[in-house]
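So the chains spell out like this:
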Amino acid sequence: MQQTGAALAERIAERRRGGDDPRALVGEMRRSVLLVPVADGGLWSVRSGGVRWICGFTDETALARFALRHGPGDQPMEYAALLGARIVDEIVPALDEPAGLAVDIATEDGSMFFPPVVGIVPDAVAVDAGAAGRAAGPETERGPRS
């Protein structure tokens, strides 16, 4: 069942206080409808730390905080309402680069990042997808091949 972003914002707050199960947070993100700004015919994203972050917001208030800093002046910011699962399962893999989801980045003490790792994005695009297999294999014990 899809949900508004309010439940996700509450889970993020709980997680930031040190509680809640990270898997429950990811599940809430997947079920939530997020507001994603649209710019130049695509979804708003930023690059940081070698990752492209799609910016999503849990409600119009959180989006408005972002728009005040990054929006087109006095014009309303266009956005798409997308299910979190669609963002991480369909949009992230289509980007052909490490990508994740940044939620409520303009909300002080309320943001959360969902990086491109196993359990959040599809294994085929997760940056750590091969880490478990390599750690146990003889290749890791010998070090990298030259």
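Residues numbered from 1 in each chain as written. Predicted model: local features only at pLDDT ≥ 70, side-chain atom pairs only at ≥ 80, totals over all residues. Heavy atoms only, no water.

A.B. asks: Looking at this model, I keep getting lost on the packing of aromatic side chains. Mind explaining?
C.D. replies: One pair of aromatic rings is described through two measures. These are the centre distance and the angle between the planes. In the structure shown here, the tally under the stated rule is three aromatic pairs. An angle of 90 degrees between the planes, with centres 5.2 Å apart, marks the rings of Trp-44 and Phe-66 as edge-to-face. You can see Trp-44 sitting in the loop between β2 (42–43) and β3 (45–48) and its partner Phe-66 sitting in helix α3 (residues 60–70), a full 22 residues away along the chain. For the pair Trp-44 and Phe-66, a shared accessibility class is recorded, and that class is buried. Geometrically, the ring pair formed by Trp-53 and Phe-113 is edge-to-face, given 5.1 Å between the ring centres and 85 degrees between the ring planes. Pair noted here: Trp-53 is in strand β4 (residues 51–56) and Phe-113 is in strand β7 (residues 112–114), with a separation of 60 residues, a long-range link. Classification of Trp-53 by relative accessible area gives buried; the value is 11%. Ring pairs connect the aromatic residues Trp-44, Phe-57 and Phe-66, which therefore count as one cluster. (Phe/Tyr/Trp six-rings, centres within 6.5 Å; stacked < 30°, edge-to-face > 60°. Helix = DSSP H or I, 4+ residues; strand = E, 2+ residues; numbered from the N terminus. Buried < 20%, exposed > 50% of the residue type's maximum accessible area, 1.4 Å probe, protein only.)

A.B. asks: Got a minute to help me understand the sheet that holds strand β1 (residues 33–39) in this structure?
C.D. replies: Sheet strands pair via backbone hydrogen bonds, and the direction of the pair is either parallel or antiparallel. One open sheet holds the three strands; their spatial order is β2-β1-β5, and the pairing between them is antiparallel. Strands with a single pairing partner mark the edges of an open sheet, and in this sheet they are β2 and β5 (79–83). In terms of strand pairing, β1 meets β5 through five bridges, oriented antiparallel. Looking across to β5, one finds that Pro-37 is bridged to Tyr-79. (Pairing = 2+ DSSP bridges.)

A.B. asks: What should I look at first to understand unusual backbone geometry in this one?
C.D. replies: For residues that are not glycine, phi is negative in most cases, and the peptide bond is trans in most cases. Phi angles above zero are rare outside glycine, and Asp-96 is one such case at about 55 degrees. For Asp-96, the location among the structural elements is in the loop between α4 (84–94) and β6 (99–103). Its identity is not glycine, yet Asp-109 carries a phi of approximately 60 degrees, on the positive side. Tracing the backbone shows Asp-109 in the loop between β6 and β7.

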